[in-house]
Amino acid sequence: MLFLHRKLPLVLAEEFGMRPLVAHCHLGLGTLYAKTGQREPACAALATAIEMYRAMAMTLWLPQAEVALAQVEER
(Lines give C-alpha, C1' and ligand atoms only; values in the text may rest on other atoms or scores of the structure.)
Protein backbone atom coordinates (compact mmCIF):
# COMPACT_ATOMS: atom_id res chain seq x y z
CA MET A 1 0.00 0.00 0.00
CA LEU A 2 2.86 2.37 0.81
CA PHE A 3 4.31 2.06 -2.69
CA LEU A 4 0.94 2.57 -4.34
CA HIS A 5 0.51 5.78 -2.34
CA ARG A 6 3.98 6.92 -3.46
CA LYS A 7 3.33 6.12 -7.13
CA LEU A 8 0.20 8.26 -7.44
CA PRO A 9 2.14 11.56 -7.61
CA LEU A 10 4.36 10.00 -10.29
CA VAL A 11 1.36 9.00 -12.39
CA LEU A 12 -0.18 12.46 -12.08
CA ALA A 13 3.12 14.25 -12.80
CA GLU A 14 3.64 12.14 -15.91
CA GLU A 15 0.08 12.79 -17.06
CA PHE A 16 0.54 16.56 -16.78
CA GLY A 17 4.06 16.60 -18.23
CA MET A 18 5.73 17.84 -15.04
CA ARG A 19 9.20 16.43 -15.78
CA PRO A 20 11.02 17.87 -12.73
CA LEU A 21 8.39 16.38 -10.44
CA VAL A 22 8.59 13.06 -12.30
CA ALA A 23 12.35 13.00 -11.66
CA HIS A 24 11.81 13.79 -7.97
CA CYS A 25 9.23 11.00 -7.73
CA HIS A 26 11.73 8.53 -9.16
CA LEU A 27 14.33 9.71 -6.65
CA GLY A 28 11.85 9.27 -3.79
CA LEU A 29 10.72 5.85 -4.98
CA GLY A 30 14.31 4.72 -5.47
CA THR A 31 15.18 5.81 -1.95
CA LEU A 32 12.12 4.05 -0.55
CA TYR A 33 12.86 0.85 -2.45
CA ALA A 34 16.45 0.94 -1.18
CA LYS A 35 15.32 1.34 2.43
CA THR A 36 13.05 -1.69 2.09
CA GLY A 37 15.77 -3.86 0.52
CA GLN A 38 14.34 -3.91 -3.00
CA ARG A 39 17.62 -3.46 -4.86
CA GLU A 40 16.51 -3.87 -8.51
CA PRO A 41 13.58 -1.43 -8.42
CA ALA A 42 15.72 0.98 -6.40
CA CYS A 43 18.47 0.94 -9.03
CA ALA A 44 15.95 1.36 -11.85
CA ALA A 45 14.16 4.29 -10.22
CA LEU A 46 17.40 6.04 -9.24
CA ALA A 47 18.90 5.53 -12.71
CA THR A 48 15.77 7.08 -14.22
CA ALA A 49 16.02 10.04 -11.85
CA ILE A 50 19.69 10.54 -12.78
CA GLU A 51 18.93 10.37 -16.49
CA MET A 52 16.13 12.91 -16.14
CA TYR A 53 18.13 15.28 -13.95
CA ARG A 54 20.97 15.23 -16.50
CA ALA A 55 18.59 15.82 -19.41
CA MET A 56 17.07 18.82 -17.62
CA ALA A 57 20.43 20.09 -16.29
CA MET A 58 19.11 19.88 -12.72
CA THR A 59 22.53 19.82 -11.09
CA LEU A 60 21.24 20.49 -7.58
CA TRP A 61 19.53 17.09 -7.29
CA LEU A 62 21.84 15.07 -9.52
CA PRO A 63 24.56 14.40 -6.89
CA GLN A 64 22.01 13.20 -4.35
CA ALA A 65 20.60 10.70 -6.84
CA GLU A 66 24.08 9.54 -7.88
CA VAL A 67 25.13 8.95 -4.26
CA ALA A 68 21.90 7.05 -3.55
CA LEU A 69 22.46 4.81 -6.57
CA ALA A 70 26.09 4.17 -5.64
CA GLN A 71 25.01 3.15 -2.13
CA VAL A 72 22.42 0.71 -3.48
CA GLU A 73 24.91 -0.79 -5.94
CA GLU A 74 27.47 -1.33 -3.12
CA ARG A 75 25.09 -3.65 -1.26
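Residues numbered from 1 in each chain as written. Predicted model: local features only at pLDDT ≥ 70, side-chain atom pairs only at ≥ 80, totals over all residues. Heavy atoms only, no water.

### Things to note about the pattern of salt bridges
Counting across every chain of the model gives one salt bridge. Between E66 and R54 there is a salt bridge, with the nearest N and O atoms lying 2.7 Å from each other. Highlighted residues: E66 in helix α4 (residues 62–74) and R54 in helix α3 (residues 39–55), separated in sequence by 12 residues. Of the residues examined, E66 reaches a relative accessible area of 31% and is grouped as partly exposed. Owing to a relative accessible area of 53%, R54 belongs among the exposed residues under this scheme. (Salt bridge = Lys/Arg side-chain N within 4 Å of Asp/Glu carboxyl O. Helix = DSSP H or I, 4+ residues; strand = E, 2+ residues; numbered from the N terminus. Buried < 20%, exposed > 50% of the residue type's maximum accessible area, 1.4 Å probe, protein only.)

### Brief notes about the nonpolar core
A general feature of soluble globular proteins is that nonpolar side chains tend to end up buried together. The biggest cluster of nonpolar side chains holds 24 residues, and the ones touching the most others in it are L27, L46, Y53 and V72. Those elements that place two or more of their residues in this core are α1 (2–15), α2 (19–35), α3 and α4. Excluding residues within four positions of it along the chain, L46 makes contact with H26, L27, G30, T31, A65, A68, L69 and V72. (Core = buried A, V, L, I, M, F, W, Y, C linked by side-chain atoms within 4.5 Å. Contact = heavy atoms within 4.5 Å.)

### Considerations on the side chain of H26
Mapping H26 onto the fold places it in helix α2. Since its relative accessible area comes to 13%, H26 is described here as buried. In this structure H26 touches L10, E14, A45, L46, T48, A49 and M52, once residues within four positions along its chain are discounted.

### Remarks on the packing of α2 against α3
One can describe the packing of α2 onto α3 by two numbers: an axis separation of 8 Å at closest approach and a directional angle of 155 degrees. It follows that α2 is roughly antiparallel to α3 by the angle criterion. Seen along the crossing, α2 lies across α3 with a hand that is left-handed. Residues R19, V22, A23, H24, H26, L27, L29, G30, T31, Y33 and A34 of α2 touch α3, and the partners they reach there are P41, A42, A45, L46, T48, A49, M52, Y53 and A55. Residue composition of the contact of α2 with α3, by class: 14 nonpolar, five polar and one charged. (Axes fitted to C-alpha atoms, helices over the stretch in contact; angles between N-to-C directions. Parallel < 35°, antiparallel > 145°, perpendicular 65-115°, else oblique. Left-handed = near helix turned anticlockwise from the far one by under 90°. Nonpolar A, V, L, I, M, F, W, Y, C, P; charged D, E, K, R; others polar.)

### Topic: the environment of L29
Residue placement: L29 occurs in helix α2. Considered as a pair, L29 and P41 are 12 residues apart in the sequence and their alpha carbons are 8.5 Å apart.

### Considerations on α4
When the terminal C-alpha atoms of α4 are compared, their 18 Å separation across 13 residues agrees well with the 18 Å that a helix rising 1.5 Å per residue should span. Where α4 is concerned, the buried positions are L62, A65, A68, L69 and V72. Along α4, the residues classed as buried sweep out an arc of 130 degrees about the axis, all on the same side. Buried residues along α4 sit against α2 and α3. (Expected span 1.5 Å × (residues − 1). Arc of directions from axis to C-beta.)

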